[in-house]
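Residue-level structural notes
Listed below, chain by chain, are the residues.
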Amino acid sequence: MASELPMESKVALSSVGAPFEPPGGALFVWANLGAWASAAGGELALFEQLAAGPPDGSGGVLLCPGESFRSPGEGWFRICPPAAPGGHLSVGLERLVAGLSRVGRGRTPSAAS
């Protein structure tokens, strides 16, 4: 069902302590990565670091920075689980968790609640 967030997405976001908004009928989920964006130097910097991936070149992950989509606040990113073909969602989530671990958490911006 499109309005439900796949369990693996819930587990991955919860494992790093990232707040998220369930889809509620949409095909995407809002993930509040504000604390990591703060540590990375802003939303765009976090996007670039996650897309670049680790220094070993094993691959990054692309998320949609929320600024372009009227996000709930700074540091929110759109994740679209239904767009990932079979098996790719779990790989993307693993890369997201690894990328957030590399960046580390900063303070959570007060505007992103």
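Structure: see above.
Now for a look at the structure at hand.

Conventions used here
Residues numbered from 1 in each chain as written. Predicted model: local features only at pLDDT ≥ 70, side-chain atom pairs only at ≥ 80, totals over all residues. Heavy atoms only, no water. Pairing = 2+ DSSP bridges. Helix = DSSP H or I, 4+ residues; strand = E, 2+ residues; numbered from the N terminus. Contact = heavy atoms within 4.5 Å. Axes fitted to C-alpha atoms, helices over the stretch in contact; angles between N-to-C directions. Buried < 20%, exposed > 50% of the residue type's maximum accessible area, 1.4 Å probe, protein only.

Let us look at the sheet that holds strand β3 (residues 64–65). Strand pairing in a sheet relies on backbone hydrogen bonds. The paired strands run either parallel or antiparallel. Strand order in the open sheet formed by four strands is β1-β2-β4-β3, with antiparallel pairing between adjacent strands. Because the sheet does not close on itself, it has two edges, and the strands there are β1 (20–21) and β3. Alignment of strand β2 (residues 29–32) against strand β4 (residues 76–79), held across four bridges, turns out to be antiparallel. What sits directly across from A31, in β4, is F77. Across the sheet, helix α3 (residues 43–52) lies against β3 and β4, angled at about 40° from β4, the strand it touches most.

The subject of this paragraph is the pairing of β2. Neither face of β2 is exposed, since V29 and A31 on one face and W30 and N32 on the opposite face are all buried. Bridge count between β1 and β2: two bridges; the pairing is antiparallel. Pairing of F20 across the sheet is with A31, part of β2.

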